[in-house]
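# Structural overview for review
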Amino acid sequence: MAAEVSFSVETPGGPRTMSVAYERTGRGEPLLLLHGIGHHRQAWDPVLGILAAEYDVIAVDLPGFGESPALPDGLPYDITTVVSVLGALCEALEIERPHVAGNSLGGLLALELGREKLVRSVTALSPAGFWTPGERRYAFNTLLAMRHGARLLPLPLIERLSRSVAGRTALTSTIYAHPGRRSPEAVVAETLALRDAKGFEQTLAAGRDVLFDDDVPGIAVTVAWGSRDRILLRRQGVRAKHAVPDARLVRLPGCGHVPMNDDPALVSRVVLDTCRRTPAA
């Protein structure tokens with residue numbers, strides 16, 4: 001079940017209170033899970049139980065996505081701001097230096113949290129930020145088309161499409177290599193999450209100049225890429241390896257941009273292997 005935590009953040013107009021929705025399960029060292037743009041924390045549901053068998057897992061709705069309210073007025077949706085918010089979230093939840101796994105936008109945020117030494121280990125699944133200008137335009141145009149499509153479809157049609165493999169493929173094949181494996185209920189929920197995401201345009205605009213070219217030294221880092229990623233092409237993983245030379249680069253055969261549903265066992269193993277490479281706190 002979702003919970004909500006509130007905490008204070010600094011804005012140009014002074015301190016403001018904001019809230020973040022999250023789900024927490026399991027026990028052990030903390031493991032923070034971050035989704036991609038236009039998605040929500042339920043993207044991690046296929047692997048949640050496996051990870052929670054060994055870790056205290058916190059799946060987060062990023063600000064302006066899922067059930068989390070938008071950022072307070074005056075705060076941009078850039079990496080620096082969102083990383084600061086995630087740091088305040090961890091402090092409010094009394095979590096000190098969690099492991100972190102992120103997908104797409106969440107992978108970029110995970111790497112930045114690692115660069116800032118705010119986490120113990122980083123698993124980045126198809127992280128944003130390793131693109132050429134042309135690849136970034138292609139990814140952004142694809143995401144905008146997905147958003148436009150989700151906003152055009154009335155709920156009864158979304159529900160009807162979700163009941164068949166062909167319909168689920170039409171709705172989600174851009175992010176999944178095996179969209180038929182996603183449940184109808186999950187497809188409806190994530191289509192609505194994309195349609196209703198309050199922070200979508202601002203986040204996309206903030207990402208136009210993003211290029212992650214810093215190292216993340218001193219902690220275990222894994223960068224994993226689906227072989228069938230249709231949004232961030234897998235060759236970007238090679239650039240990530242050049243930027244973070246000590247990172248482990250892993251190929252996810254048969255997986256799309258959001259690999260947790262395509263191969264839960266493989267993704268869980270990649271995350272757990274990364275966490276286990278870090279000495280216990």
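I will try to describe carefully the structure that is included in this document. (Residues numbered from 1 in each chain as written. Predicted model: local features only at pLDDT ≥ 70, side-chain atom pairs only at ≥ 80, totals over all residues. Heavy atoms only, no water.)

## What to know about the packing of helix H6 (residues 165–172) against helix H7 (residues 184–196)
Packed helix pairs are specified by the crossing angle of their axes together with the interaxial distance, meaning the distance between the axes. Using the following cut-off: Fitted lines through C-alpha atoms give the axes, limited to the stretch in contact for helices. The angle between two N-to-C directions lies from 0 to 180 degrees. The helix and strand labels rest on DSSP assignments: H or I over at least four residues marks a helix, E over at least two residues marks a strand, and numbering proceeds from the N terminus. Here roughly perpendicular refers to angles of 65 to 115 degrees, roughly parallel to angles under 35, roughly antiparallel to angles over 145, and oblique to all remaining angles. For any helix crossing, the convention is left-handed if the near helix is rotated counterclockwise from the far helix by under a right angle, and right-handed if that rotation is clockwise. A contact between two residues is defined here by any heavy atoms of the two lying within 4.5 Å. Polar here means any residue outside two lists: the nonpolar Ala, Val, Leu, Ile, Met, Phe, Trp, Tyr, Cys and Pro, and the charged Asp, Glu, Lys and Arg; Gly therefore counts as polar.
The interhelical angle for the contact between H6 and H7, taken along N-to-C directions, is 25 degrees, at an axis separation of 11 Å. When the axes of H6 and H7 are compared, the pair comes out roughly parallel. The two elements H6 and H7 meet at a crossing, and its hand is left-handed. For the pair formed by H6 and H7, the contact residues are Arg168, Leu171 and Thr172 on the first element and Pro184, Val187, Glu190 and Thr191 on the second. Residue classes in the contact of H6 with H7 are distributed as three nonpolar, two polar and two charged.

## Observations concerning the packing of aromatic side chains
This is how it is decided: Here a Phe, Tyr or Trp ring, Trp counted by its six-membered ring, pairs with any other such ring whose centre lies within 6.5 Å, and the pair is stacked when the planes are under 30 degrees apart, edge-to-face when over 60, and tilted otherwise. For every residue, the accessible area (1.4 Å probe, protein chains only) is compared with the maximum for its type, and the residue is labelled buried under 20%, exposed over 50%, or partly exposed between those bounds.
Counted under the stated rule, the structure contains two aromatic pairs. Plain terms: the ring middles of Trp131 and Phe140 are 5.5 Å apart, the flat faces sit at 90 degrees to each other, and that makes the pair edge-to-face. Like Phe140, Trp131 is buried.

## Some thoughts on the sheet that holds strand E6 (residues 121–125)
The test is simple: In this scheme, strands are said to pair when DSSP sees at least two bridges between them.
In spatial order, the strands read E1-E2-E4-E3-E5-E6-E7-E8; together these eight strands make up an open sheet with mixed pairing. Sheet topology places strand E1 (3–11) and strand E8 (248–252) at the edges, where each strand pairs with a single neighbour. Between one strand axis and the next, the sheet turns through 25 degrees on average, direction left out of account. Direction of pairing for strand E7 (residues 220–226) relative to E8: parallel, over a ladder of five bridges. Counted as the bridge partner of Ala224 is Val250 from E8. Here helix H9 (residues 236–243) sits on the sheet and contacts E7 and E8; the angle it forms with E7, its principal contact strand, is near 170 degrees. Against the sheet, helix H11 (residues 264–276) contacts strand E3 (30–34), strand E5 (99–103), E6, E7 and E8, and its axis sits at roughly 155 degrees relative to E6.

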